[in-house]
Amino acid sequence: MSQPHSSKPTSTIFSSVPSPQWTLLFLLFLCTVGFYTLHLPNSAAAFSNVRNALRFRNIYLSFATNSTVSAYLRALTLHPHLAGTHPALQTARFVYSHFADLGLRTHTVQYRALLSYPLHASLSAHFSDGSSRELPLVEPGGAGAEVVRPYHAYSPSGAVTGAQAVYVNLGREEDYRALRRVGVDVKGCVAVVRRGEESRGGVVGRAAEEGAVAVLMYTEGESMGGVERGTVMKGLGDPLTPGWGGVEGGEALDLEDSQILNRFPKIPSMPISPEVAYSILRSLEGPPMPHHWRGDALGPQPGRVGPGPTLLNFTYLAEKKIATIHNVFAIIRGSEEPDRYVLLGNHRDAWTYGAVDPNSGTAVLLDIARRYALMMRQGWRPRRTIVLCSWDAEEFGMIGSTEWVEQNLLNLGSKVVAYLNVDCAVQGPGFFAGATPQLDNLIIEVAKKVQDPDSESMTIYDNWMITNKVINVQRLSGVDSDFAPLLQHAGVPSVDLYYGRDFPVYHTAFDSYNWMTNHGDPLFQRHVAVAGVWGLLALHLADDPILPFNYVSYTEQLWNYTNLLRNLVKVNVSLHPITASIQELASAAKEAEEEAKKLREEETNSEFLVLKKRALNDRLMLAERGFLDADGLQGRQWFKHLVSVFPSPSSMMLIATGNCCVSKNYNDELVPIKPLC
C-alpha cells in the first residue's frame, strides 16, 4: 500500500504569494491580466467546455453505485482510528492510496499537535442506606480492547473523594440561577449534567466557576449503553500554535503558557452512560427537580436535585502528548483557471469506528474521487482546480483543517472559490444543508437534479418541499465541523451537507458498520444521494464560466438579522449604519446579477470578455471576505467573521448600538466589537 509522504512546511497545493495584505486586490488584478495574456483559452475549446458541462454532470450521476460506497465504508471502519494513533495513520494511508491509484495528484501535509488521551478512570457511589457500588465507565459488549475508553479530551487529571452529587440539568447559567433560588449550593460537589446544545467545554467551565469540583456528563438517547466521547478544549486548532500552522520544527508555545492553560477546564470531567447517571439521580434528595429537567428517561418520576446524600469518589488520569497528524489531499488541476480552487473536505479521524461520524462522509468523498477519475478518462477537465481534502484530528477541535488554514491563510483569501464540507454524510432520514447565503440558490437547483433516496418518484428537492413546506437552508454559525476555520477565520463561502439530524450512537463504540447497515442506511442510497449533491455542487463551482453566487439572497438574510436586532436593542439605538450598509450591498448585488446575466448571454469569447468574466468572478469570490474583521471578535480574536458568529440561544449575536457593532456574551452583556461604517 502506498505511504503518505511528508510535505514541506509550506503546503504544495498553493504557490506562495506576497505577504502584505494591502496589496491583495492589486495582485489579483495583475494576476488576472497576466494569466489571461499568457494562457487565454482557445475560444472553440471554451465553448466546447461549456457545451460539455451538462453532459459530464449527467455522466457523473450515472457513475453512482451503492455497493462501491458500502465497500469503502467497510474498509474504513474495520478498526477504531483515533487521531494520533497507528490505526489513524493506516487510515490515512488507505485514503492516500485510493487517491493515488486513481491517478490523482496526491500528497499529505503533516502537523505536530497536542492531543489528549485517557490513562485511568474510576467512579464509585456511596448511598444513604450505607451501600456502595463501583459505577462502570466503559461500554458493555461491542467495545473491544482496541476502542479508547470514554473520556473528555483535554480534561485535566484529578481526584475527588466523598463529594456530594448534585444535578444541574444542562449546566446553563439559568440552571444555576434556578438552583440558587431553592437554596442549592454546588460548591464542593460533583455536578451531574445532561448534555445539551452548549459545548462540553463551556458547561465544564461554568461548573468550575460555580465551585463544582468535577463534572459527570450524560447524553439522553444513547443506545446500547453507549457513552458519548468528546473534547472540552476551548477554541479550534492546536493549542500550542494558536494562529499559525504547527509544522515540524516550527515555533510552539510552552505547555505551561497561560494562553494554553486558559483553553482547558480547571476541573476534571467524564462522560457517563445514561444508566449510570440515572442510578445517581434517583438517589438524590433535596429540593424537587423541575418537571422540564427530568428529560425523557426519568419521565414523570418526582426526582430531586441534591446535593447528596449520595457521595461520589471520582478519579481521572490523563496524558497530553505531541502527536503527528496527517491531512491528505488529491488535486485535479483546472484547465482554464488553475489558480482558482474549489475545496471538498471531510475529516477522517474518529473516536471509535466512525461509521457515521465521520466515515460515511469519507466513503462518499472516495466515491466522488472515483467518479471524477472516470470522467477524466472520458476527457473531462474542470475549468478551475478541484482539491479533495481529508482532514485529521477534527474530533479534538478541528485541528487538521485549522492548522492548514492558518498555514495557507493568504492563499486561501486570494484563490479559494468555495469550501464544500461533509462530516457525517448519513445519520438517518431527511436531507439537511447549511451554507453561506450566496450559495442557497445553487443548492436548491442541484437538489432538483438528484433522486431522493427514500422515494423513487421524487428528487431531493421534491421531498424537501413536502417535508418542510419551505426550503430552509441553514446557516453555518457553529464551530462543529471543518467548515468553521474556512468560514470563520478565512472568510471562504462554505456549504455543509448531511442526511439525518442526529443518531443514537454518536461518539460511542457502537458507531460501526453494522449499525449503518442495520439502521442508518442499509442500502446506502442516502450515501449515493449525498455524493450526488456534493459532487454536482463542486462541478458547478469548478466549471460554470460565471460563479453561481447570488448575493441578493445574502442581503435578504441580512435584512432578517436586522429585524431580529430591532427586538434586542433599545428604542433610542439607531440601526441606520447597518441598514445603510445592507442597502448598499443590495444595490451592488443586483448590479452583479445583471452583469452576470449579460455575460452568460454573450455568444463570443473575446479576450476582453474573458477578462470581464474573470473580474466579476473575483468580486463574487472575494465578497465574503468583506465580512471579516482583521482584529477578530472581542475576546475571541481568532474568529474574524462578523455575521457568522455563534447564533445559538446562549451564544454571541451581532447587534448594533449607534455606530458600533457589539455582541452579546453568555451573560447577555453587551461587548463592543468594531465600528461597522
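Described below are features of the structure shown in this document. These figures come from a predicted structure and were not determined experimentally.

## What about the overall build of the protein chain?
- For the protein chain, the count of helices and strands is 20 helices and 17 strands.
- Counting over 677 residues, the protein chain shows a buried share of 58%.
- About 27100 Å² of surface is accessible on the protein chain, with carbon and sulfur atoms providing 54% of the total.

## Quick notes on helix α11 (residues 399-407)
- In terms of burial, α11 is a largely internal element, 9 of the 9 residues being buried.
- Within α11 the residues assigned to the buried category are I399, G400, S401, T402, E403, W404, V405, E406 and Q407.
- In this structure, the buried side of α11 is in contact with β1 (105-126), β9 (311-332), β10 (337-347), β11 (384-391), α12 (409-415) and α15 (483-489).

## Points about the nonpolar core
- Judged by nonpolar contacts, the single largest core of 98 residues is most densely connected at F99, L344 and Y372.
- A per-element tally of this core places helix α17 (residues 525-543) first, with 11 residues.
- Leaving out residues up to four positions away in the same chain, F99 has contacts with L104, T106, V328, F329, A330, L365, L366, A369 and L388.
- One finds V166, V204, A207 and L487 within the second-largest nonpolar core, a separate group that totals 90 residues.

## Quick notes on unusual backbone geometry
- The peptide bond linking G306 to P307 adopts the cis configuration, its omega dihedral lying at 0 degrees.
- Examined against the element boundaries, P307 turns out to sit in the loop between α9 (295-298) and β9.
- Residue P309 is reached from G308 by a cis peptide bond, and omega for that bond is 5 degrees.
- With respect to the helices and strands, the residue P309 is situated in the loop between α9 and β9.
- Even without glycine at this site, M398 takes up a positive phi of about 50 degrees.
- Counting through the fold element by element, M398 comes out in the loop between β11 and α11.
- For M398, a relative accessible area of 6% gives the class buried.

## Describing the side chain of D543
- Position of D543 relative to the elements: it lies in helix α17.
- Among buried Asp, Glu, Lys and Arg side chains, D543 stands out as unpaired, with R57 the closest opposite charge at 5.9 Å.
- When sequence neighbours within four positions are dropped, the list of residues in contact with D543 reads W380, R381, P382, R383 and R384.

## As for the packing of helix α3 (residues 66-76) against helix α4 (residues 86-101)
- Running from N to C, α3 and α4 cross one another at 150 degrees; their axes reach a closest spacing of 10 Å. Taken as axis vectors, α3 and α4 run roughly antiparallel relative to one another. Across the interface between the two elements, Y72, A75 and L76 of α3 pack against T91, F94, V95 and H98 of α4.

## Points about the side chain of S70
- Within the fold, S70 resides in helix α3.
- The exposure class assigned to S70 is buried, which follows from its relative accessible area of 13%.
- Non-local contacts of S70, meaning those with residues more than four positions away in its chain, are made with Y513 and F524.

## Section: the environment of T436
- Mapped onto the elements of the fold, T436 is located in the loop between β13 (431-435) and α13 (440-447).
- The contact partners of T436, leaving out residues within four places of it in the chain, are R475, L476, L487, P493, S494 and E624.
- Side chain to side chain, T436 and Q438 meet in a polar contact 3.0 Å long.

Cut-offs applied
Per chain, residue numbering runs from 1 following the sequence as it is written. With pLDDT at 70 or above as the cut-off, local features in this predicted model cover only qualifying residues; side-chain atom pairs require 80 or more to be listed or tallied, and sums for whole chains, interfaces and linings still use all residues. Neither water nor hydrogens contribute to the side-chain values; these are computed over all heavy atoms in the structure. A run of H or I in DSSP becomes a helix once it reaches four residues, and a run of E becomes a strand once it reaches two; helices and strands are each numbered from the N terminus. For every residue, the accessible area obtained with a 1.4 Å probe (protein chains only) is divided by the maximum for its type, and the residue is called buried under 20%, exposed over 50%, and partly exposed between those limits. Only the protein chains shown count as cover for residues, with accessible areas throughout obtained via the Shrake-Rupley method and a probe of 1.4 Å. We call two residues contacting when some pair of their heavy atoms lies within 4.5 Å. For this analysis, a nonpolar core means a set of buried residues of the types Ala, Val, Leu, Ile, Met, Phe, Trp, Tyr and Cys, connected via side-chain atoms within 4.5 Å. Under the counting rule used here, the positive set is Lys and Arg, the negative set is Asp and Glu, and His together with the chain ends is not counted. The term salt bridge refers to a side-chain nitrogen of Lys or Arg lying within 4 Å of a carboxyl oxygen of Asp or Glu. Here an axis means a line fitted to C-alpha atoms, over the contact stretch when the element is a helix, while the angle between two N-to-C directions is reported on a 0 to 180 degree scale. The scheme is simple: roughly parallel for angles under 35 degrees, roughly antiparallel for over 145, roughly perpendicular for 65 to 115, oblique for anything else. Counted as a polar contact is a pair of N or O atoms within 3.5 Å, where, for protein atoms, one must be capable of donating a hydrogen and the other of accepting one, and residues adjacent in sequence contribute only when both atoms are in side chains.

Function cannot be read off these values alone, since they describe shape.
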